[in-house]
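One letter stands for each residue in the lines below.
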Amino acid sequence: MFSQLRQATNKLTLKSIHSNKRSISSSLYMGQIATRMSPNHTYPAPAVMGTESIMSKKAHGTSHVPVQANLRWKVDQDTADRICNFNRHYAEHSGYFQGITEFLQETKKIPADEEITFYDSNTGKPLYYAPRGRTMAEFLAESRAHGWPSFRDAEVNWDYVRVLPNGETV
């Protein structure tokens, strides 16, 4: 949940993209792509590569600042801060987003032709837009199957999201 929660950016949970000169199908979601990755690779477009220095130690864990106060959907600030800034292995526990009633209520109210923007918890920059190229029901079903919001390539804002050589998406 942490791309509002950084989603994680995500570590996601937001972690992923790989190939060895293979193209990535937009029908794959990021978690599927991540499982096909191995360390020290360059991933094809649309992925934008980053270096390990992105995640180097900074003033506040792997960030210069803590997560913002008053996170969207009443997400717990301490949990978001721990996951976004002091964690390189895993994201929130599986199913966490399903307990965020404000998020689930928003998904029910959003018109079929609109998207939800997921923001970085530290910077406030938009990281993901969903659903894009699928229905909200499909986005939620894939997210439930993965245990956290699951974004496809077309839903990633590659201006701000980077993929490290080991496949971690930050």
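Please refer to the structure placed before this passage.
Note that the structure is predicted; figures quoted are calculated from it, not measured. (Residues numbered from 1 in each chain as written. Predicted model: local features only at pLDDT ≥ 70, side-chain atom pairs only at ≥ 80, totals over all residues. Heavy atoms only, no water.)

J.: What's the story with the overall build of the chain in this structure? I'm lost.
T.: Counting its regular elements, the chain contains five helices and two strands. Reading the chain from its N terminus to its C terminus gives the helix and strand order α-α-α-α-β-β-α. Within the span of the chain, comprising 170 residues, buried residues form 53% of the whole. Looking at the chain as shown, the accessible area adds up to about 8,200 Å², and 51% of this sits on carbon and sulfur atoms. (Helix = DSSP H or I, 4+ residues; strand = E, 2+ residues; numbered from the N terminus. Buried < 20%, exposed > 50% of the residue type's maximum accessible area, 1.4 Å probe, protein only. Areas by Shrake-Rupley, 256 points an atom, 1.4 Å probe, with all protein chains shown as cover.)

J.: Honestly, the pairing of strand β2 (residues 126-130) in this entry has me stumped. Any pointers?
T.: Look at any regular strand and the pattern is simple: side chains alternate between the two faces of the sheet. Most of β2 is tucked away: four of the five residues are buried. When strand β1 (residues 116-119) meets β2, the two strands line up antiparallel, connected through four bridges. Paired with Ile116 across the two strands is Ala130, which belongs to β2. Here β1 folds back onto β2 in antiparallel fashion, the turn holding six residues, of which Gly124 has a positive phi close to 80°. (Pairing = 2+ DSSP bridges.)

J.: What exactly am I supposed to notice about the side chain of Ser143 here?
T.: Locating Ser143 in the fold gives a position in helix α5 (residues 136-146). Excluding residues within four positions of it along the chain, Ser143 makes contact with Phe97, Trp148, Pro149 and Ser150. (Contact = heavy atoms within 4.5 Å.)

J.: Got a minute to help me understand the nonpolar core in this structure?
T.: The nonpolar side chains of a soluble globular protein tend to be buried, and buried together. Among the nonpolar cores identified, the biggest contains 27 residues, and Trp73, Phe103, Ile116, Phe118, Tyr128 and Phe139 are the most heavily contacted of them. Listed by contribution, the elements that provide at least two residues to this core are α3 (77-85), α4 (101-109), β1, β2 and α5. (Core = buried A, V, L, I, M, F, W, Y, C linked by side-chain atoms within 4.5 Å.)

J.: Help me out: how do you make sense of the pattern of salt bridges in this one?
T.: Pairs can form between side chains of opposite charge whenever their charged atoms are close. Taken as a whole and assessed by the stated rule, the structure comprises eight salt bridges. For the salt bridge of Arg88 with Glu52, the shortest nitrogen-to-oxygen distance reads 2.7 Å. Taken together, the residues span a long stretch of sequence, with Arg88 in the loop between α3 and α4 and Glu52 in the loop between α2 (30-35) and α3 at a distance of 36 residues. For Glu52, a relative accessible area of 42% translates into the label partly exposed. (Salt bridge = Lys/Arg side-chain N within 4 Å of Asp/Glu carboxyl O.)

J.: Explain α3 here, please?
T.: Within α3, the full set of buried residues consists of Thr79, Ala80, Asp81, Ile83, Cys84 and Asn85. N-capping of α3 is provided by Asp76, with a side-chain oxygen placed 3.3 Å from the backbone N of Asp78. (Polar contact = N/O pair within 3.5 Å; in protein donor to acceptor, adjacent residues only side chain to side chain.)

J.: What's the story with the environment of Thr42 in this structure? I'm lost.
T.: The topology assignment puts Thr42 in the loop between α2 and α3. Counting along the chain gives 124 residues from Thr42 to Asn166, while the straight-line C-alpha distance between them is 9.0 Å.

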